[in-house]
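# An overview of the molecular structure
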Amino acid sequence: MMRVADKLIEQHCLTKAEYLELLKFWQDSDVAKRLSEEAVRLRKEYYGDKVFTRGLIEFTNYCRNNCYYCGIHRDNNNITRYRLTCDEIMECCRAGYELGYRTFVLQGGEDPYYTDEKMCEIIRSIKKDFSDCALTLSIGEKSYESYRLFREAGADRYLLRHETADCSLYSSLHPDEMKLETRIQCLYNLKSLGYQVGAGFMVGAPGQTLEHLAEDLAFLQELRPQMVGIGPFIPHHDTIYADEKAGSVELTLFLLSIIRIMLPKVMLPATTALGTMDPLGREKGLQYGANVVMPNLSPVKNRKMYELYDNKICTGEEAAECRGCLGRRVMSAGYRLVEERGDALE
Ligand code: SAH
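Below is a summary of the structure that appears in this document.

What follows covers the sheet that holds strand E8 (residues 292-293). Reading across from one edge, E8-E1-E9 is the order of the 3 strands in this open sheet, with parallel pairing throughout. Looking at the sheet topology across the chains shown, the edges are occupied by E8 and strand E9 (336-338). Inspection of the sheet shows strand E1 (residues 50-53) paired to E8 by 2 bridges, in the parallel sense. Residue pairing across strands places Thr53 opposite Val293, the latter belonging to E8.

A few words on helix H4 (residues 86-99). Count 3.6 residues to each turn of an α-helix, and residues three or four apart come out pointing the same way. Taking 1.5 Å per residue, 14 residues should reach 20 Å; H4 reaches 20 Å between its end C-alpha atoms and fits that length. Of the positions making up H4, those classed as buried are Cys86, Ile89, Met90, Cys92, Cys93 and Gly96. Axial view of H4: buried residues confined to an arc of 155°, hence all on one face. Among the exposed residues of H4, those oriented more than 90 degrees off its buried face are Asp87 and Glu98. Packing partners of the buried residues in H4 comprise strand E2 (55-60), strand E3 (103-108) and helix H5 (116-129). In the segment just after H4, Gly100 is the residue with positive phi, at about 110°.

Using the criterion set out here, one finds 2 cavities of 30 Å³ or more in the structure. Size it by volume and the second largest cavity reaches roughly 40 Å³. Lining the second largest cavity are Phe59, Thr60, Gly109, Glu110, Asp111, Tyr114, Met119, Ile139 and Lys142. Partitioning the lining of the second largest cavity into residue classes produces 4 nonpolar, 2 polar and 3 charged.

With 92 residues, the main nonpolar core has Leu22, Leu35, Phe104, Leu106, Ile126 and Phe150 as its most contacted residues. Broken down by element, the residue count for this core peaks at 10 residues, all from helix H10 (residues 249-262). Not counting residues up to four positions away in its chain, the partners in contact with Leu35 are Ala5, Leu8, Ile9, Leu22, Phe254, Ser257, Ile258 and Ile261.

Here the focus is unusual backbone geometry. Phi is positive for His12, close to 60°, though the residue is something other than glycine. Here the phi dihedral of Glu346 falls at roughly 75°; this positive angle occurs in a residue that is not glycine. Relative to the helices and strands, Glu346 resides in the segment after E9. Owing to a relative accessible area of 85%, Glu346 belongs among the exposed residues under this scheme.

Let us look at the pairing of strand E4 (residues 134-138). Two faces, one strand: in a regular strand the side chains alternate between the faces of the sheet. Burial runs high along E4: 5 of the 5 residues are buried. The side-chain alternation of E4 yields two buried faces, one formed by Ala134, Thr136 and Ser138 and the other by Leu135 and Leu137. Here E4 pairs with strand E5 (residues 157-159) via 2 bridges, running parallel. Directly across from Thr136, in E5, lies its bridge partner Arg157.

Right, let's get into helix H2 (residues 16-23). For H2, the complete set of buried residues consists of Glu18, Tyr19, Leu20, Leu22 and Leu23. Elements that come into contact with the buried residues of H2 comprise helix H1 (3-11), helix H3 (29-47), helix H9 (210-223) and H10.

It is worth spelling out the packing of H3 against H10 at this point. If you want to describe how two helices pack, look at the angle between their axes and the distance between the axes. Two elements in contact, H3 and H10, have axes whose closest approach is 8 Å; the angle formed by their N-to-C orientations is 45°. Between H3 and H10, the angle is such that the two are oblique. Here H3 and H10 pass one another in a crossing that is left-handed. In this structure, H3 uses Val31, Ala32, Leu35, Ser36, Glu38, Ala39, Leu42, Arg43 and Tyr47 to contact H10, whose residues at the interface are Phe254, Ser257, Ile258, Arg260 and Ile261. Of the residues that constitute the contact of H3 with H10, the class distribution is 9 nonpolar, 2 polar and 3 charged.

What counts, and where the lines are drawn
Residues numbered from 1 in each chain as written. Predicted model: local features only at pLDDT ≥ 70, side-chain atom pairs only at ≥ 80, totals over all residues. Heavy atoms only, no water. Pairing = 2+ DSSP bridges. Helix = DSSP H or I, 4+ residues; strand = E, 2+ residues; numbered from the N terminus. Expected span 1.5 Å × (residues − 1). Buried < 20%, exposed > 50% of the residue type's maximum accessible area, 1.4 Å probe, protein only. Arc of directions from axis to C-beta. Contact = heavy atoms within 4.5 Å. 1 Å grid on protein atoms, 1.4 Å probe; cavity = no way out; pocket = protein on both sides within 12 Å on 5 of 7 lines; lining within 4 Å. Points joined across faces, edges and corners; volume = space filled by probe spheres on them. Nonpolar A, V, L, I, M, F, W, Y, C, P; charged D, E, K, R; others polar. Core = buried A, V, L, I, M, F, W, Y, C linked by side-chain atoms within 4.5 Å. Axes fitted to C-alpha atoms, helices over the stretch in contact; angles between N-to-C directions. Parallel < 35°, antiparallel > 145°, perpendicular 65-115°, else oblique. Left-handed = near helix turned anticlockwise from the far one by under 90°.

Have a look at this one:
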């Protein structure tokens, strides 16, 4: 068996060059199997057969950014924009709480309508009524001061995918005003404020090579986030990448195993994008080291409007149906959904 795979398993870290060497074997089923077995062994050692749920509330699809890959980018005039009120958000949480969710994720475009003051009000209301729940924000790049205020208001976690750790790929995926440096500074700011932090990237983004992915792995190894979100890139018809091909499910699974071994206690979701590319994608994700699922709690009337990519799954179901469906899927993979906050160990 391969030397670099063994080294990763023994030492939980590799150099960037070694990650690249390992990634070249992504289509080798023996290597993939060896890594997935170790990934599953580690996730079971720390988290048993538990799968943690995060109730995702997509509360606004307004965005000031123009990320080239994203369906809700600012200049897309073909979508209907919406915002949820604080009451509507609370209603999503209430429904989610009844169903057993103990983490809520507020995700949205970067929408200036939600000033720091408004965000803090929403954060405080959620933490007041659901004091046994964790609250995660995923609302993009903000100042240190804004992040501090959100933290003070009660936010526990923050998801901000770095998207790619390579400067020039980052520039090719984003307009000039967006800088990788800013993104990375945000992640370190969030860490220093005591958030549990999530980074991550798309697999198979236009122009991405295995070298870029090796750079992403080396970056994660250095940042040591508590959460990592990865999923295949999926084209959206209203973007310049409409005709690009989607990222590979197999490569995504291979990366999930590597990330689990690199960061054994990491919270690692089997993402909706993975489930969109393969009807059994999320189940497979669990079998390659993932331990989290993030079903949608957004009002059904808004779900189709939060389309970051085409053919997104679960846009028609009520929250309860989603919970039931996922519960069965998780069971079929040999795991069980739990009603816990699901904080990362350590
Ligand atoms: N505005 C927030 C939330 C972004 S949406 C932020 O900036 O963090 C969450 C993630 O969806 C993004 O970080 C990106 O990695 C992913 N995403 C966006 N467009 C996508 C696409 N076309 N295919 C797959 N994933 C996509």
